2 protein chains.
Amino acid sequence: MAGVTTAAAEPTGPDHPATADALPLTDAGGAGADRPRRARGEQTRQLILETALRLFRERGYAETTMRAIAKEAGVAVGNAYYYFDSKEHLIQGFYDRNQAAHRAAAEHVLATEKNLAPRLRGVLHAGIDVNAPYHSFAATFFKSAAEPSSPLSPFSRESSPAREAAIAIFRDVVEGSAAKLDPELRRELPELLWLGWMGVILFWVYDKSPEQRRTRRLIDGAVPLIDRLVSLSRLRVLRPALRQVLALIDNLRRDD
Amino acid sequence: MAGVTTAAAEPTGPDHPATADALPLTDAGGAGADRPRRARGEQTRQLILETALRLFRERGYAETTMRAIAKEAGVAVGNAYYYFDSKEHLIQGFYDRNQAAHRAAAEHVLATEKNLAPRLRGVLHAGIDVNAPYHSFAATFFKSAAEPSSPLSPFSRESSPAREAAIAIFRDVVEGSAAKLDPELRRELPELLWLGWMGVILFWVYDKSPEQRRTRRLIDGAVPLIDRLVSLSRLRVLRPALRQVLALIDNLRRDD
DNA sequence: AAGCGAAGTTGAACGTGTTCAAGAAGGGTG
DNA sequence: CACCCTTCTTGAACACGTTCAACTTCGCTT
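What you are looking at is a predicted structure, and each value in this text was computed from that prediction instead of being measured.

Caption draft 1: Expanded view of the overall build of chain A. The number of helices and strands found in chain A is ten helices and zero strands. Of the roughly 13,100 Å² of accessible surface on chain A, a fraction of 55% belongs to carbon and sulfur atoms.

Encoded structure:
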């Protein structure tokens, strides 16, 4: 979510905050009519984003036109493009918000549970909880994220801060747990769990069962399995296999 | 690739052939001016598909307009929509073709190798070989496949025949191998390997390294790993874990 | 106060995928 | 031949995402 690097349109305006839910713009600190100095447009930006996300929720992504967003927000369509490079870029705002909500929803279980399995399970369920209201339109805009060149891709450079924040949650899952495990595995595990989380999201997007129950079952089934495999990885017979996994990961990190 | 089920536009015209590369339409059997009886439009269909795929390759998917395809093919733009529900539907033709090519490219290694690892490795590399020329535009249209509701999704009902054909390759990989393994695992392995193959494709689409070398390294690293894990799964200590994996898969197959 | 320049705002215009009412072609019947 | 009906073909028209040159607003300097 750092400044968009592609090219032209992004104004020099302030980067939208990575995790904060809503900036206290209106009356920052002061008591009365203290006008915000440099954030004149920030208000417009928020208004457009707010309106867009509401319409997305109400009508779906594809069915919401940029003209409708602009009209509903009371601005010209070109104004929306002053703050957001494209319709897809509006989704980034959605990401950030949900990312923060996920973190908040996971807080409790991370603070109380001490074992790896329930910590992981709690974080995963929290993630689904947070996203559940958007399942129908998440599926619609999901394609945007799939395009490798899109800044919305979870692997893109533009998503890097959001990705790091997400990985941080899983780092917390691992580091806060009492489990004894191979140090190298411990180092790699957060990123691996995040990758698994992306897989869960993928599964969830495709999940057509009522209330996405299959995704819940996937989590409930996969977590004990992961827990078991992590424990087993300390066995003598499995050490070479573990080393092999870690070597592969390391090998794939190279960029050439 | 069976008839599109969505709704209106698809004509009652014959389903396009699943695997055949090009129908011998022009002068079927006869010596001279023997006009094909019912396949009047089939020629147009092929012409449009051919033209589209060529332009996709030459200019990329997004850069190729429906108007350009129509013009190049010498038909009206509406005519393309008579045979294909949308621009994306043109891609299905690409799928079918590559699916057949993959099968053909895998034939040799499947006929000569007897062990699981080299069979799998050969099939995976063959798949990348076949797709390599299209890497740049595969990435572009990949998003189409990602949308769950799209008929292009590898999990969609419309893709089911193509999916089955793909899984059949991996069934061949497993059944043709001499490896001794758990019967239930043997039954599930083809589908699991196909799923892994989808993962490899996903990796490949995102792979920006020269000639997608990272994907090659992924294959070369993952195959021995899979081979090892499959062997290890027969160990006493790992039986419960294996059962747990299989139970999870079975649990997730339920549709509710 | 006057002027300047950056920030913010506008809406017509462009090219796109897609639709549709209208028509043409062709072959089977009487 | 005249008639129909199905199959096939057409291109103007529509709504959409996006661009851009012009304009306004506003804080700051002189």
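Caption draft 2: How the structure looks around the protein's contact with DNA strand C. Neighbouring DNA strand C are 20 residues, the closest being Ala76(A), Tyr83(A), Arg67(B), Tyr81(B) and Lys87(B). At the protein interface, 63% of the atoms of DNA strand C within 4 Å belong to sugar or phosphate. In this structure, Thr44(A) approaches DNA strand C through a side-chain N or O atom, which is 3.2 Å from a phosphate oxygen. The backbone of Lys87(B) places a nitrogen or oxygen atom 2.8 Å from a phosphate oxygen of DNA strand C. Those elements giving two or more residues to the surface near DNA strand C turn out to be helix H1 (40-59) and helix H3 (77-83) of chain A together with helix H2 (66-73) and helix H3 (77-83) of chain B. A total of five residues in the surface near DNA strand C trace back to one element, the largest contributor, which is H3(A).

Caption draft 3: Geometry of the interface of chain A and chain B. The partner chain B presents 40 residues to the 40 residues of chain A that form the contact. Each partner contributes to the roughly 3,500 Å² buried at the junction of chain A and chain B, and carbon and sulfur atoms together form 61% of this total. Together, Lys143(A), Tyr206(A) and Arg217(A) form the three largest contributors to the area buried by chain A at its contact with chain B, with a combined 19%. If you look at where chain A meets chain B, you find two salt bridges. The partner of Asp256(A) in a salt bridge is Arg217(B), with the nearest N and O atoms 3.9 Å apart. Across the chain A-chain B interface, the total number found is ten residue pairs in polar contact (both at pLDDT 80 or more). Mapped by element, the contributors of at least two residues to the side of chain A that touches chain B are helix H6 (135-146), helix H8 (183-206), helix H9 (213-232) and helix H10 (239-253) of chain A. The biggest single contributor to the side of chain A that touches chain B is H9(A), with ten residues. Its residues placed into classes, the side of chain A that touches chain B shows 23 nonpolar, six polar and eleven charged.

Caption draft 4: View of the relation of the copies chain A and chain B. Structural alignment of chain A on chain B gives an RMSD of 0.2 Å, achieved by rotating through 180 degrees and translating 0.0 Å along the axis. The operation mapping one copy onto its partner corresponds to a two-fold rotation axis. No C-alpha of chain A approaches the rotation axis more nearly than that of Lys143(A), which lies at 2.4 Å.

Caption draft 5: Quick look at the packing of H1(A) against helix H4 (residues 89-112) of chain A. Residues and elements named next belong to chain A. It is at 10 Å that the axes of H1 and H4 come closest, and there the two elements cross at 85 degrees. Accordingly, the angle class assigned to the pair H1 and H4 is roughly perpendicular. For the pair H1 and H4, the contacting residues are Gln46, Ile48, Leu49, Glu50, Ala52, Leu53 and Phe56 in the first and Leu90, Gly93, Phe94 and Arg97 in the second. Tallied by class, residues from the contact of H1 with H4 come to seven nonpolar, two polar and two charged.

Caption draft 6: A look at the protein's contact with DNA strand D. Within the structure, DNA strand D sits among 21 residues, and Arg67(A), Tyr81(A), Lys87(A), Ala76(B) and Tyr83(B) are positioned closest to it. The share of sugar and phosphate among atoms of DNA strand D within 4 Å of the protein is 60%. In the environment of DNA strand D, a phosphate oxygen lies 3.1 Å from a nitrogen or oxygen atom belonging to the backbone of Gly41(B). A distance of 2.8 Å is found between a phosphate oxygen of DNA strand D and a side-chain nitrogen or oxygen belonging to Tyr83(B). For the surface near DNA strand D, the secondary-structure elements that each account for two or more residues are helix H2 (66-73) and H3 of chain A together with helix H1 (40-59) and H3 of chain B. Per-element tally for the surface near DNA strand D: the top contributor is H3(B), with five residues. Residue composition of the surface near DNA strand D, by class: eight nonpolar, eight polar and five charged.

Caption draft 7: Looking closely at the packing of aromatic side chains. The full count for this structure, using the stated rule, is ten aromatic pairs over all chains. Ring geometry for Tyr206(A) versus Phe155(B): centroids 5.0 Å apart, planes at 70 degrees, classification edge-to-face. In this pair, Tyr206(A) sits in helix H8 while Phe155(B) sits in the loop between helix H6 (135-146) and helix H7 (160-175), so the two residues belong to two different chains. With centroids separated by 4.8 Å and ring planes inclined at 75 degrees, the aromatic side chains of Phe94(B) and Tyr134(B) adopt a geometry described as edge-to-face. Note that Phe94(B) is positioned in helix H4 (residues 89-112) and Tyr134(B) in the loop between helix H5 (116-131) and H6, a separation of 40 residues in sequence. Each member of the pair Phe94(B) and Tyr134(B) is classed as buried. When the ring centre of Phe84(A) is taken as origin, the NZ or CZ atom of Arg45(A), which lies over that ring, is 4.9 Å away. Here Lys87(B) stacks its cationic end above the ring of Tyr61(B), 4.4 Å away from the centre of that ring.

Caption draft 8: Fine view of a nonpolar patch on the surface. A cluster of nonpolar residues, Leu235(A), Val237(A), Leu235(B) and Val237(B), forms a patch on the protein surface that exposes about 280 Å² of accessible area. The topology assignment puts Val237(B) in the loop between helix H9 (213-232) and helix H10 (239-253). The exposure class of Val237(B) is partly exposed, given its relative accessible area of 43%.

Caption draft 9: Spatial organisation of the nonpolar core. With 81 residues, the main nonpolar core has Val123(A), Phe170(A), Trp197(A), Val123(B), Phe170(B) and Trp197(B) as its most contacted residues. In this structure, Phe170(A) is in contact with Leu120(A), Val123(A), Leu124(A), Pro190(A), Leu193(A), Trp194(A) and Trp197(A), ignoring residues within four places of it in sequence. Judged by nonpolar contacts, the second largest core, of 21 residues, contains Leu55(A), Tyr61(A), Ala70(A) and Val75(A).

Caption draft 10: The arrangement of H9(A) in detail. Under the 1.5 Å per step criterion, the end-to-end length of H9(A) is 29 Å for 20 residues, consistent within 8% with the ideal 28 Å. Buried within H9(A) are the following residues: Arg214(A), Thr215(A), Arg217(A), Leu218(A), Ile219(A), Gly221(A), Ala222(A), Val223(A), Leu225(A), Val230(A) and Leu232(A). Looking at the buried residues of H9(A), the elements they touch are helix H5 (116-131) and H8 of chain A together with H10 of chain B.

Caption draft 11: Up close: the pattern of salt bridges. As enumerated under the stated definition, the model contains 32 salt bridges over all chains in all. For Arg97(B), the salt bridge identified is with Glu50(B), shortest N-O distance 3.0 Å. With Arg97(B) in helix H4 and Glu50(B) in helix H1, the pair connects residues that are 47 residues apart, well separated along the chain. Bridged by salt links that share partners, the residues Arg103(A), Glu107(A), Arg119(A) and Asp172(A) form one connected network.

Rules and cut-offs
- Residues numbered from 1 in each chain as written.
- Chains lettered and ligands numbered in written order.
- Predicted model: local features only at pLDDT ≥ 70, side-chain atom pairs only at ≥ 80, totals over all residues.
- Heavy atoms only, no water.
- Helix = DSSP H or I, 4+ residues; strand = E, 2+ residues; numbered from the N terminus.
- Areas by Shrake-Rupley, 256 points an atom, 1.4 Å probe, with all protein chains shown as cover.
- Near = heavy atom within 4 Å.
- Polar contact = N/O pair within 3.5 Å; in protein donor to acceptor, adjacent residues only side chain to side chain.
- Contact = heavy atoms within 4.5 Å.
- Buried area = accessible area lost by both parts, 1.4 Å probe.
- Salt bridge = Lys/Arg side-chain N within 4 Å of Asp/Glu carboxyl O.
- Nonpolar A, V, L, I, M, F, W, Y, C, P; charged D, E, K, R; others polar.
- Least-squares fit on C-alpha atoms with pLDDT ≥ 70 in both.
- Axes fitted to C-alpha atoms, helices over the stretch in contact; angles between N-to-C directions.
- Parallel < 35°, antiparallel > 145°, perpendicular 65-115°, else oblique.
- Phe/Tyr/Trp six-rings, centres within 6.5 Å; stacked < 30°, edge-to-face > 60°.
- Buried < 20%, exposed > 50% of the residue type's maximum accessible area, 1.4 Å probe, protein only.
- Lys NZ or Arg CZ within 6 Å of the ring centre and 35° of its normal.
- Patch = residues over 30% accessible without salt bridge, like charges linked within 9 Å, V, L, I, M, F, W, Y side chains within 5 Å.
- Core = buried A, V, L, I, M, F, W, Y, C linked by side-chain atoms within 4.5 Å.
- Expected span 1.5 Å × (residues − 1).

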